[in-house]
Amino acid sequence: MPPKPAASDEPSAALPPALQLLAERGVQRRYRTRAMLIEEGDTGGAVYIVLAGRLRAFLSDTRGREVTLALHGPGEYVGEMSLDGGPRSASVQAVEPTLCAVVTRETMLQYVAEHPDFAFALIVRLIRRARLATESARSMALLDVYARLRRLLESRSAMAAEGGARRLAERLTHQAMASEIGCSREMVSRLLKDLEQGGYISVDRRQIVIERELPARW
């Protein structure tokens, strides 16, 4: 069956007005969990606007090791790095059932030319992505594995209503954390076990809770 127009009557995420107008020029496509939308190194210029669900951008090597670059939920988009006509710089996979508006490179470029405000927002987005890539490279080069894990836990946690503990907003598997900080799953499991035994963290309904300030070094 052909893809449905993105302007259908199906419910979609509340998008910023400029992004909503762009999504309406694309087509809606649904992706199952673990479906690959983009393969690193491939050619192609489609941009994927997330209407529902979540995507993961990641890099991998020939041995199957992966590093997660970012997670993208409703109101975000991926694929804009290929607008220069070059190969895809990363792979993108659905981490849960996901609905996207798929916009071709030609449509995206025309829309950018017609909407200067959106073009400026796109430039700001690309600058922010470049800065995040620089920060990630610095972290990998200068921080040890524990320091990277600590940064991940603290950045993903929020203060709970009671007791001052901090709970991670999502249930991250040990493999997902390992992919994000560039180490083995076994290393993450060992560090988390040590932190739990030391009373720094606990696990409640498969969610990590930071019970007290994590040590600067381990």
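What counts and how
- Residues numbered from 1 in each chain as written.
- Predicted model: local features only at pLDDT ≥ 70, side-chain atom pairs only at ≥ 80, totals over all residues.
- Heavy atoms only, no water.
- Helix = DSSP H or I, 4+ residues; strand = E, 2+ residues; numbered from the N terminus.
- Expected span 1.5 Å × (residues − 1).
- Buried < 20%, exposed > 50% of the residue type's maximum accessible area, 1.4 Å probe, protein only.
- Arc of directions from axis to C-beta.
- Contact = heavy atoms within 4.5 Å.
- Pairing = 2+ DSSP bridges.
- Axes fitted to C-alpha atoms, helices over the stretch in contact; angles between N-to-C directions.
- Phe/Tyr/Trp six-rings, centres within 6.5 Å; stacked < 30°, edge-to-face > 60°.
- Lys NZ or Arg CZ within 6 Å of the ring centre and 35° of its normal.
- Parallel < 35°, antiparallel > 145°, perpendicular 65-115°, else oblique.
- Left-handed = near helix turned anticlockwise from the far one by under 90°.
- Nonpolar A, V, L, I, M, F, W, Y, C, P; charged D, E, K, R; others polar.

## Digging into helix H6 (residues 185-197)
Taking 1.5 Å of rise per residue, the 13 residues of H6 would be expected to cover 18 Å, and the 18 Å separating its terminal C-alpha atoms lies within 8% of that figure. The complete set of buried residues in H6 reads Val188, Leu191, Leu192 and Leu195. Down the axis of H6, the sector holding all buried residues measures 100°, keeping them to one side. Pointing more than 90 degrees away from the buried face of H6 are the exposed residues Lys193 and Gln197. Contacts made by the buried residues of H6 are with helix H4 (145-155), helix H5 (174-181), strand E12 (201-204) and strand E13 (207-210).

## Some details on the sheet that holds strand E8 (residues 91-94)
Taken together, the four strands give an open sheet; going across it, the order is E3-E8-E5-E6, and neighbouring strands pair in antiparallel fashion. Each having just a single partner strand, strand E3 (36-38) and strand E6 (66-72) make up the two edges of the open sheet. When the angles between neighbouring strand axes are averaged without regard to direction, this sheet yields 30°. Two elements, strand E5 (residues 55-60) and E6, share six bridges in a ladder whose sense is antiparallel. Across the sheet, the residue bridging to alanine 57 is alanine 70, located in E6.

## Some thoughts on the pairing of E8
Where a strand is regular, its side chains alternate between the two sheet faces. A two-sided burial pattern is seen for E8, the buried positions comprising Ser91 and Gln93 on one face and Val92 and Ala94 on the other. As judged from the two bridges shared by E3 and E8, these two strands associate in the antiparallel manner. In the sheet register, methionine 36 faces E8, and the bridge partner there is glutamine 93. As judged from the four bridges shared by E5 and E8, these two strands associate in the antiparallel manner. Residue pairing across strands places phenylalanine 58 opposite serine 91, the latter belonging to E8.

## Here we look at the packing of aromatic side chains
Note on aromatic pairs: each is described by the distance of the centres and the angle between the planes. Under the defined criterion, the tally for this structure stands at three aromatic pairs. Consider the rings of tyrosine 111 and phenylalanine 118, whose centres lie 5.3 Å apart with planes at 75°: the pair is edge-to-face. The ring of phenylalanine 58 has arginine 56 sitting right over it, with the charged end atom 4.1 Å from the ring centre.

## Describing the packing of H5 against H6
To describe two helices that pack against each other, one gives the angle between their axes and the distance between the axes. Packing of H5 against H6 brings their axes to within 8 Å, and their N-to-C directions diverge by 110°. By the angle class used here, H5 and H6 are roughly perpendicular. Where H5 crosses over H6, the handedness of that crossing is right-handed. In this structure, H5 contributes His174, Gln175, Met177, Ala178 and Ile181 to the contact, and H6 contributes Arg185, Val188, Ser189 and Leu192. A breakdown of the residues in the contact of H5 with H6 according to their chemical character gives five nonpolar, three polar and one charged.

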